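Chain by chain, the residues:
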Amino acid sequence: MKILGKLTILLCGVLLMVFAMEFPNWGDPESPASTHLSPYFIQHTMEDTAVPNIVTSVLADYRGYDTMFETTVILTAGLACFLLLRIERKKIPHRYYRHEPTGVTLRMEGEKYPKNSAVFQRMDANWVPYDFVISRTCRLIIPFIQIFALYVVAHGHHSPGGGFQGGVIMGASVILFAISHNLRTSIKNFSEKTAALFSVTGVFIYAGTGALCLLFGEVFLNYSALAPILGGDRVMARSHGILVVEIGVAVAVTAVMIWIYYNLSSAGKQDEGL
Amino acid sequence: MIIWISALLIIIGFVFFLGGSLGMIRLPDFYSRLHAAGMLDTMGVFLSMAGLALYVVHDFTLGNFLSALKIILIVVFVFITSPTATHAIVDAGVRAGLKPWTKKN
């Protein structure tokens, strides 16, 4: 089986090498992409989609299928991490608690454990969260990071940015929270179920926008069909449609980043860890 | 006049950066190197960004004022995060059991 896998990889590599020889040279002005596609995009983007940023319009409109399946790939990565790593939470025979007024750490065994309170605080066995300065600073910074993430998502039409970048920044803010406090606090605020639900919702928003275009009697992902809902003429509808799709991408990327982080940092147990 | 002040600020900021990088190479151990890097970098960013903000507002319009405001925001966030990052790295060093350098060893 191992030999078979290696042979497959070798075959794919050789095929890739062989066909890479046929490709046009890097930056070749005579290549089909430079003679047909690029001039069209550069000249017609504004009148077709009313989006000043050509990259965004190519990514989410002209090449919408590709981006939809990119989002699906990200969802698949999250699912793969989940299926490979997630294990049933085993009952840990003991837990550690800190008694706040005295500062004593207690090890408790048995079935019943005290609830987390101001007096008794549960601690991880292996991971000690960072101290006061770091957790407070992260709490101060995280809202700004999230506002910036929303800005990047919404401003993808006019400047570098868009769903993928904004989603990653948004996910990083939650991961920062998890690092500066601990995994349990983070899961309490943004649970694994929420992450899974949001990652599917993001892909659903994207594919659903495409399907809605079908319902209005046009081609899949042809946002002009949505002009009656989104308002404006058919060109502005494309611009708005791109924004809707970008929001879907951002939701999916955010949730998948957090989901992968939860599974990787706790080795799939999600009880304690970074 | 204001351009010269901003140039002076930027140059002084670069001097701080230079000191930080020299300290990172020359100082004896982890903690002292981090001390040089953390403190002087923050000061260097503050001074050079202040110089840039002054340069931007020297012909005063609303757009230039907003640019200067964004530069000041950069300074604010660097001022909050950079010392915290230094603190976190030092914390990690202490937890890993790294002893500070003394003159004896």
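Everything quoted here is computed from the prediction, not taken from an experiment.

Caption draft 1: Region of interest: the pairing of strand S1 (residues 94–99) of chain A. Residues and elements named next belong to chain A. The pairing of S1 with strand S2 (residues 104–109) spans six bridges and is antiparallel. Among the inter-strand pairings, arginine 95 is bridged to a residue of S2, identified as methionine 108. Between S1 and S2, which pair antiparallel in sequence order, lie four residues; one of them, glycine 103, sits at a positive phi of approximately 80 degrees. Judged from the four bridges that link them, S1 and strand S3 (residues 120–123) form a sheet pairing that is antiparallel. Bridge assignment links tyrosine 97 to a residue of S3, and that residue is arginine 122.

Caption draft 2: Examining the UniProt feature "transmembrane region" (unreviewed entry) in chain A more closely. The UniProt feature table records "transmembrane region" (unreviewed entry) at residues 67–85, 140–158, 164–183, 195–221 and 241–262 of chain A. Helix makes up 100% of residues 67–85 of chain A and strand 0%, whereas the separation of the span's terminal C-alpha atoms amounts to 27 Å.

Caption draft 3: Spatial organisation of the interface of chain A and chain B. Tallying the contact residues gives 10 residues for chain A and eight residues for chain B. Contact between chain A and chain B buries roughly 780 Å² in total, counting both sides, with carbon and sulfur atoms accounting for 74%. When the buried area of chain A at its contact with chain B is split by residue, Tyr130(A), Ile134(A) and Ile141(A) rank highest and sum to 46% of it. Joining chain A to chain B, the criterion identifies zero salt bridges. Our count for the chain A to chain B interface comes out at one residue pair in polar contact (both at pLDDT 80 or more).

Caption draft 4: Quick look at the nonpolar core. Residue and element names in this part refer to chain A. If you look at the biggest cluster of nonpolar residues, it comprises 15 residues, and the most contacted ones within it are Tyr206, Cys213, Leu221, Tyr223, Ile242, Val245 and Val249. In terms of residue count, helix H10 (residues 234–265) provides more of this core than any other element does, four residues in total. Setting aside anything within four residues of it in sequence, one finds valine 245 in contact with Ala60, Tyr206, Thr209 and Tyr223. With 11 residues, the next largest nonpolar core counts Ile187, Ala195, Trp259 and Tyr262 among its residues.

Caption draft 5: Looking closely at unusual backbone geometry. Residues and elements named next belong to chain A. You will see that alanine 50, though not glycine, has its phi angle at about 60 degrees, which is positive. With respect to the helices, strands and loops of the structure, alanine 50 is situated in the loop between helix H2 (32–49) and helix H3 (54–62). The class for alanine 50 is partly exposed, based on a relative accessible area of 21%. Even without being a glycine, leucine 221 presents a positive backbone phi close to 65 degrees. One can find leucine 221 in the loop between helix H8 (192–215) and helix H9 (227–230).

Caption draft 6: Quick look at the UniProt feature "transmembrane region" (unreviewed entry) in chain B. According to UniProt, the positions carrying the feature "transmembrane region" (unreviewed entry) are residues 6–25, 37–57 and 69–90 of chain B. Along residues 69–90 of chain B, the helical share is 100% and the strand share 0%, with 32 Å between the first and last C-alpha atoms.

Caption draft 7: Representation of the sheet that holds S3(A) within the structure. All names here are of chain A. Strands sit in the order S2-S1-S3 across an open sheet of three strands; the sheet is antiparallel. With partners counted over all chains shown, the strands left at the sheet margins are S2 and S3, one partner each. Going from strand to strand, the sheet's axes swing by 35 degrees on average, the running direction of each strand aside.

Caption draft 8: Spotlight on the packing of helix H6 (residues 163–180) of chain A against H10(A). Residues and elements named next belong to chain A. Packing of H6 against H10 brings their axes to within 7 Å, and their N-to-C directions diverge by 30 degrees. It follows that H6 is roughly parallel to H10 by the angle criterion. For the pair H6 and H10, the sense of crossing is right-handed. Along its contact with H6, which presents Gly163, Phe164, Gly167, Val168, Met170, Gly171, Val174, Ile175, Ala178 and Ile179, the element H10 presents Glu246, Val249, Ala250, Val253, Thr254, Met257, Ile258, Tyr261 and Tyr262. Among the residues forming the contact of H6 with H10, the class breakdown is 14 nonpolar, four polar and one charged.

Caption draft 9: Summary view of the pattern of salt bridges. All names here are of chain A. If you walk through the whole model with that rule in mind, you get six salt bridges over all chains. Between arginine 234 and glutamate 218 there is a salt bridge, with its nearest N and O atoms 3.1 Å apart. One end of the pair, arginine 234, is in helix H10; the other, glutamate 218, is in the loop between H8 and H9, with 16 residues separating them in the sequence. On the basis of relative accessibility, which here comes to 44%, the residue arginine 234 falls in the partly exposed class. Given the relative accessible area of 24%, glutamate 218 is considered partly exposed. Where salt bridges share partners, they join Arg63, Asp66 and Glu70 into one cluster.

Each value, and the rule that gives it
- Residues numbered from 1 in each chain as written.
- Chains lettered and ligands numbered in written order.
- Predicted model: local features only at pLDDT ≥ 70, side-chain atom pairs only at ≥ 80, totals over all residues.
- Heavy atoms only, no water.
- Pairing = 2+ DSSP bridges.
- Helix = DSSP H or I, 4+ residues; strand = E, 2+ residues; numbered from the N terminus.
- UniProt positions renumbered as here; feature names shortened; annotations may be inferred.
- Contact = heavy atoms within 4.5 Å.
- Buried area = accessible area lost by both parts, 1.4 Å probe.
- Salt bridge = Lys/Arg side-chain N within 4 Å of Asp/Glu carboxyl O.
- Polar contact = N/O pair within 3.5 Å; in protein donor to acceptor, adjacent residues only side chain to side chain.
- Core = buried A, V, L, I, M, F, W, Y, C linked by side-chain atoms within 4.5 Å.
- Buried < 20%, exposed > 50% of the residue type's maximum accessible area, 1.4 Å probe, protein only.
- Axes fitted to C-alpha atoms, helices over the stretch in contact; angles between N-to-C directions.
- Parallel < 35°, antiparallel > 145°, perpendicular 65-115°, else oblique.
- Left-handed = near helix turned anticlockwise from the far one by under 90°.
- Nonpolar A, V, L, I, M, F, W, Y, C, P; charged D, E, K, R; others polar.

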